Amino acid sequence: MTPTIITVAGSDPSGGAGIQADLKTFSALRAYGGAVLTALTAQNTRGVTGVLPIPGAFVAEQLDALFADLDVRAVKTGMLGSPDVVEAVADAARRHGVRNLVVDPVMVATSGDRLVDDATVEAIRDRLLPLAAVVTPNLPETAALLGLPAVAADEAAAAAVELHAKGPAALVKGGHAAGPDSVDVLADDDGVLELRVPRVPTANTHGTGCTLSSAIAVGLGHGRPLRDAVRAAKAYLTDALLAADQLHVGAGHGPVHHFHAWWTPEGTPA
């Protein structure tokens, strides 16, 4: 049976991140996707120029409509933006008994700029993480969740363990680190697992965090154990990055190629 996965996130009109990347990932990995909007953005591959938030009450209304009709196997959150929206998502997760909640805590831009205020960080940490199956922060987001000025790559394992103590399994992503390998660290009830692959030399990395967390949600929705879902998601993202330079989208950081296994830019089957 094809699982239904819901993304709760902001919209990226350039198609590389946010709900657009999530829905592409769901489809590429053979899942049906629903989408709850938390914000509209004006952005492209060069950056974000505007954000129009959606009120928390309407986020809750969207979630209620989907859960009243669809057999939802997993939920993935991305940019939530405000404590009001975090509270709405947490309340809906409890009300509907959400299974397989994957929290991608979108807090810090690639530039290092904080995208949300301290109250939103606290709401994600205190209200949403206890309900989650797994949280997938990058290094700056890990630091924000733990109240630290920074987390270095060699501190990722200890930080993941500390996050796991707050409830969910924690996958601390190493994409912001330097070095020849991209190293993610998962802390769960079975201990610490390091996932290491050669770093892909591409500037087309827009939406990598959205894509990885969405792929994990699909794996969980298909009934895979968490570690298997994380391994498969990491492999899918790596292949999407390897194919990213084929797309030639935009003048900034372009998207990964979500459908690399299905087609090439020349129109021939992959």
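Model, not experiment: these values are computed from the prediction.

Regarding the pairing of strand E7 (residues 169–172)
No. 1: Because side chains alternate across E7, one face comprises the buried residues Ala169 and Leu171, and the other comprises Ala170 and Val172, equally buried.
No. 2: Where strand E6 (residues 134–135) lies against E7, two bridges are found, and the strand directions are parallel. Its bridge partner lying in E7, Val135 is registered against Ala170.
No. 3: Pairing geometry for E7 and strand E8 (residues 181–188), over three bridges, is antiparallel. Residue Leu171 lies in a different strand from E8, and its bridge partner there is Leu186.

Considerations on the side chain of Thr4
No. 1: Relative to the helices and strands, Thr4 resides in strand E1 (residues 4–10).
No. 2: In this structure Thr4 comes out as buried when scored by relative accessible area, which is 11%.
No. 3: If sequence neighbours within four positions are ignored, Thr4 has contacts with Tyr32, Leu70, Asp71, Val72, Arg73 and Ala74.

Here we look at the side chain of Asn204
No. 1: On the secondary structure map, Asn204 appears in the loop between strand E9 (191–198) and helix H7 (208–221).
No. 2: Given a relative accessible area of 14%, Asn204 falls into the buried group.
No. 3: Those residues in contact with Asn204 that lie beyond four places of it in its chain are Leu241, Ala244, Asp245, Gly252, His253, Gly254, Pro255 and Val256.

Focus: helix H1 (residues 18–28)
No. 1: Among all positions of H1, only Gly18, Ile19, Ala21, Asp22, Thr25, Phe26 and Ala28 are buried.
No. 2: Those residues of H1 hidden inside the fold are in contact with E1, strand E2 (32–44), strand E4 (72–77), H7 and helix H8 (226–242).
No. 3: Positive phi shows up at Arg30, right after H1, with a value of about 65 degrees.

Observations concerning the packing of helix H5 (residues 139–146) against helix H6 (residues 156–164)
Any two packed helices are characterised by the angle at which their axes cross and by the distance between the axes.
No. 1: Contact geometry for H5 and H6: axes closest at 11 Å, N-to-C directions at 45 degrees. If you check the angle between H5 and H6, you find them oblique. Considering only the axes of H5 and H6, their crossing is left-handed. The residues of H6 that touch H5, namely those facing Leu139, Thr142, Leu145 and Leu146, are Ala156, Ala159, Glu162 and Leu163.

About the criteria used
Residue positions within a chain follow its written sequence, with the count starting from 1. Local features are withheld for residues below a pLDDT of 70 in this predicted model, meaning they are given only at 70 or higher, and side-chain atom pairs are given and counted only at 80 or more; totals for whole chains, interfaces and linings count all residues. Computation of side-chain values covers all heavy atoms of the structure but excludes hydrogens and water. Note on classification: 1.4 Å probe, protein chains only; a residue is buried when its accessible area is under 20% of the maximum for its type, exposed when over 50%, partly exposed between these limits. Starting at the N terminus, helices and strands are each numbered in turn, a helix being any DSSP run of H or I of at least four residues and a strand any DSSP run of E of at least two. Here a strand pair is declared whenever DSSP counts at least two bridges between the two strands. Between two residues, a contact is recorded if the distance between any of their heavy atoms is within 4.5 Å. What counts as an axis is a line fitted to C-alpha atoms, over the stretch in contact for a helix, and the angles between N-to-C directions run from 0 to 180 degrees. For classification purposes, angles smaller than 35 degrees are called roughly parallel, those larger than 145 roughly antiparallel, those between 65 and 115 roughly perpendicular, and all remaining angles oblique. Here is the rule for handedness: rotate from the far helix to the near one, and if that takes an anticlockwise turn smaller than a right angle the crossing is left-handed, while a clockwise turn gives right-handed.

Nothing here speaks to function; it is all geometry.
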